[in-house]
Amino acid sequence: QVQLVESGGGLVQAGGSLRLSCATSGFTFSRYVMAWLRQAPGKEREYVARINLSGSSTYYADSVKGRFTISRDNAKNTVYLQMNSLKPEDTAVYYCNVRLAGMDYWGKGTLVTVSS
């Protein structure tokens, strides 16, 4: 079955960095667009970044552009999110996502807390 497992979250001071990982299984990773989304307390889930099959094309939300970098390792079936210059407003649960045959799959998320 499809599994996505996020890791790498934690507590960090403003201006710091974290690297999130999402290990996947149960589908042919290299054939699908992967994405990171986040959900802050009391807010709707929002797109953060998306990456195409080969990693040659990426999309970023304006709020993270220039600070976050999405990447993937198709040999390891893993997608990453490097987060630099973190701000308190980046505090959220971060989820990785894949859409297979019109259905969205999510991991359980990893909590990122940025203190001011």
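Coordinates for the structure precede this section.
Residues numbered from 1 in each chain as written. Predicted model: local features only at pLDDT ≥ 70, side-chain atom pairs only at ≥ 80, totals over all residues. Heavy atoms only, no water.

A.B. asks: Help me out: how do you make sense of the nonpolar core in this one?
C.D. replies: Burial of nonpolar side chains together is a common tendency in soluble globular proteins. Counting 29 residues, the largest nonpolar core has W36, V79, L81, M83 and Y94 as the members making the most contacts within it. Those elements giving two or more residues to this core turn out to be β3 (18-25), β4 (34-39), β5 (46-51), β7 (68-73), β8 (78-83), β9 (92-100) and β11 (110-115). Tallying contributions element by element places β9 first for this core, with 5 residues. When residues no more than four places from it in sequence are discounted, the contact partners of M83 are G16, S17, L18, L20, R67, F68, Y94 and V112. (Core = buried A, V, L, I, M, F, W, Y, C linked by side-chain atoms within 4.5 Å. Buried < 20%, exposed > 50% of the residue type's maximum accessible area, 1.4 Å probe, protein only. Helix = DSSP H or I, 4+ residues; strand = E, 2+ residues; numbered from the N terminus. Contact = heavy atoms within 4.5 Å.)

A.B. asks: In this structure, what is going on with the side chain of D90? I would like to understand it.
C.D. replies: For D90, the position within the fold is in the loop between β8 and β9. Taking the relative accessible area as the measure of exposure, D90 reaches 1% and is therefore buried. Within the structure, the side chain of D90 is placed 2.9 Å from the side chain of R38, a separation counted as a polar contact. Look past the residues within four positions of D90 in its chain and what remains in contact with it is R38, R67, F68, S85, V112 and V114. (Polar contact = N/O pair within 3.5 Å; in protein donor to acceptor, adjacent residues only side chain to side chain.)

A.B. asks: Looking at this structure, I do not really get the state of the cysteines. What am I missing?
C.D. replies: Each disulfide consists of one covalent bond between the sulfur atoms belonging to two cysteines. Within the structure shown, the criterion is met by 1 disulfide. There is a disulfide in this structure between C22 and C96, and the S-S distance comes to 1.8 Å. You can see C22 sitting in strand β3 and its partner C96 sitting in strand β9, a full 74 residues away along the chain. Each member of the pair, C22 together with C96, is buried. (Disulfide = S-S within 2.5 Å.)

A.B. asks: Help me out: how do you make sense of the pairing of β8 in this one?
C.D. replies: Along a regular strand, successive side chains alternate from one face of the sheet to the other. Taken across its 6 residues, β8 has 5 buried, putting it largely inside the fold. Looking at chain direction, β3 and β8 are connected through 6 bridges and run antiparallel. Following the sheet pairing, R19 is matched in β8 by Q82. (Pairing = 2+ DSSP bridges.)

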